[in-house]
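Observations on chain architecture
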Amino acid sequence: MMWYNNILETIGNTPLVKLNTITKGIKGTILLKVETANPGNSIKDRMAVKMIEDAEQAGLLKPGGTIIEGTSGNTGMGLAMAAVIKGYRCIFTTTDKQSKEKIDALRAFGAEVIVCPTNVDPDDPRSYYSVSSRLEREIPNSWKANQYDNLSNTQAHYEQTGPEIWEQTGGKITHFIAGVGTGGTISGVGRYLKERNPAIQVWGIDSYGSVFKKYKETGIFDKEEIYPYITEGIGEDFLPKNVDFSVIDRFEKVTDKDAALMTREIARKEGIFAGNSSGAAVAGLLQLKDELTDDAVVVIILHDHGSRYMAKMYNDDWLRERGFLKDEKLTALAILKK
Ligand code: PMP
């Protein structure tokens, strides 16, 4: 007989899958690390469990306690799932920019979710950062996971995701590409890979409206770079402690439109149902394709699942309203009506 003792034991060991059609004509081998194979359908399961286990060990999270977090959904999903198994209550704060599907999914696990406005400063009392901090102060026996500054996040990827990628590529990986939000994925994987082979290039994908790229290039935190954008999960308007700029060789920015359209292309051309930041990462690679040689082995992180974006980039009306829909074909219904 073969079974797992609980759902958390199924996290990790996700497959690497080659891109074939989108990457036609591009030098090298382009591989997606398909993190939707995790039980919460995203890479965040890994760091959620690691943050909880480290907090338990440090005595910060005690039996019957409450887990609090400001989360855009995926981290919440991992935390909520682990909380069910480990017997904790969960309260999440999120922003009104996030997909309704993501919020409903958290509630499905019994978590409470408080939706806060997107377009306020992080230190505004209404922001999802401030509201979660206030809940932590006011609820007894509570612990805020704080995915942005909690270094257990990076450590999860240093211990799991990095070694998996190294093993799966037989050490032949030459480039690692990931969208950067908290920075945990790129910093943990990047640190592990560079320790094994310092020549590996680590490229971070950023959004227009975010501060990372300019900060990496100039050392300046430029508030002028900040404005609202659509792409979910990547880019920030502050510098999280989990972003280790020393292991990131460069950042590449991708527009909301290019990220949205590439997200759809991954489903239509590769049969892989990916989330928005995965589209951004693949679009970012295409922008940099001329830098690849024939022996390049590129691993791109596919962070989360397309089902969380049904009302957004997988919805034609949503795309049309933003002027993102291009090359509209006549549908079968429209042909019949002519
Ligand atoms: N993509 C998605 C969909 C995410 O939820 C996140 C996390 N904010 C990221 C990418 C970025 O990953 P990380 O936080 O590890 O930098």
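Anything mentioned here points back to the structure above.
Computed from a prediction, not measured in an experiment: that's the story for all the values here.

**Things to note about the sheet that holds strand β10 (residues 297–302)**
- Spatial ordering of the open sheet is given by β1-β2-β10-β7-β8-β9, a layout of six strands whose pairing is mixed. The open sheet is flanked by β1 (16–18) and β9 (250–254), the only strands paired with a single partner. Geometrically, the sheet is characterised by an average inter-axis angle of 30 degrees between neighbouring strands, direction not taken into account.
- Alignment of strand β7 (residues 175–179) against β10, held across three bridges, turns out to be parallel. In the sheet register, Phe-176 faces β10, and the bridge partner there is Val-299.

**Some remarks on the site of the ligand**
- The ligand sits among 17 residues. The nearest are Gly-181, Thr-182, Thr-185, Gly-233 and Ser-277.
- Per element, the largest residue contribution to the shell around the ligand is three residues, and it comes from helix α6 (residues 184–196).
- Taken together, the residues of the shell around the ligand break down into three nonpolar, 12 polar and two charged.

**Describing the packing of helix α1 (residues 44–57) against helix α2 (residues 74–86)**
- Put simply, α1 and α2 touch, their axes get as near as 8 Å, and they point 50 degrees apart. Here α1 lies oblique to α2, going by the angle between them. Judged by the twist between their axes, the crossing of α1 over α2 is right-handed. Contacts between α1 and α2 involve Lys-44, Asp-45, Ala-48, Val-49 and Ile-52 from the former and Asn-74, Thr-75, Met-77, Gly-78, Leu-79, Met-81, Ala-82 and Lys-86 from the latter.
- Its residues assigned to classes, the contact of α1 with α2 comprises seven nonpolar, three polar and three charged.

**Section: the pairing of strand β2 (residues 29–34)**
- Counting buried residues along β2, five of its six residues qualify, which places the element largely inside the surrounding structure.
- Alignment of β1 against β2, held across three bridges, turns out to be antiparallel. Note that in β2 the partner of Val-17 across the bridge is Leu-32.
- Pairing between β2 and β10: six bridges, direction parallel. The residue of β10 that forms the bridge with Leu-32 is Ile-300.

**Quick word on helix α8 (residues 256–270)**
- A rise of 1.5 Å per residue sets the reference length of α8, with its 15 residues, at 21 Å; its end C-alpha atoms lie 21 Å apart and thus fit the reference within 8%.
- Taken together, the buried positions of α8 are occupied by Asp-256, Asp-258, Ala-259, Ala-260, Met-262, Thr-263 and Ile-266.
- Summarising the contacts, the buried residues of α8 are in contact with β9, α9 (276–287) and α10 (316–321).
- At the C-terminal side of α8, Gly-271 shows a positive phi close to 70 degrees.

**Re the sheet that holds strand β4 (residues 89–95)**
- Taken together, the four strands give an open sheet; going across it, the order is β5-β4-β3-β6, and neighbouring strands pair in parallel fashion. Only two strands of the sheet have a single partner each, and these edge strands are β5 (112–116) and β6 (142–144). When the angles between neighbouring strand axes are averaged without regard to direction, this sheet yields 20 degrees.
- The pairing of strand β3 (residues 66–70) with β4 spans five bridges and is parallel. In the strand pairing of β4, Glu-69 is matched with Phe-92.
- Sheet contacts for α2: β3 and β4; angle to β3, the most-contacted strand, approximately 175 degrees.

Scoring rules and cut-offs
- Residues numbered from 1 in each chain as written.
- Predicted model: local features only at pLDDT ≥ 70, side-chain atom pairs only at ≥ 80, totals over all residues.
- Pairing = 2+ DSSP bridges.
- Helix = DSSP H or I, 4+ residues; strand = E, 2+ residues; numbered from the N terminus.
- Axes fitted to C-alpha atoms, helices over the stretch in contact; angles between N-to-C directions.
- Near = placed C-beta within 6 Å.
- Nonpolar A, V, L, I, M, F, W, Y, C, P; charged D, E, K, R; others polar.
- Parallel < 35°, antiparallel > 145°, perpendicular 65-115°, else oblique.
- Left-handed = near helix turned anticlockwise from the far one by under 90°.
- Contact = placed C-beta atoms within 7 Å.
- Buried ≥ 20, exposed ≤ 12 C-beta atoms within 10 Å, placed from the backbone.
- Expected span 1.5 Å × (residues − 1).

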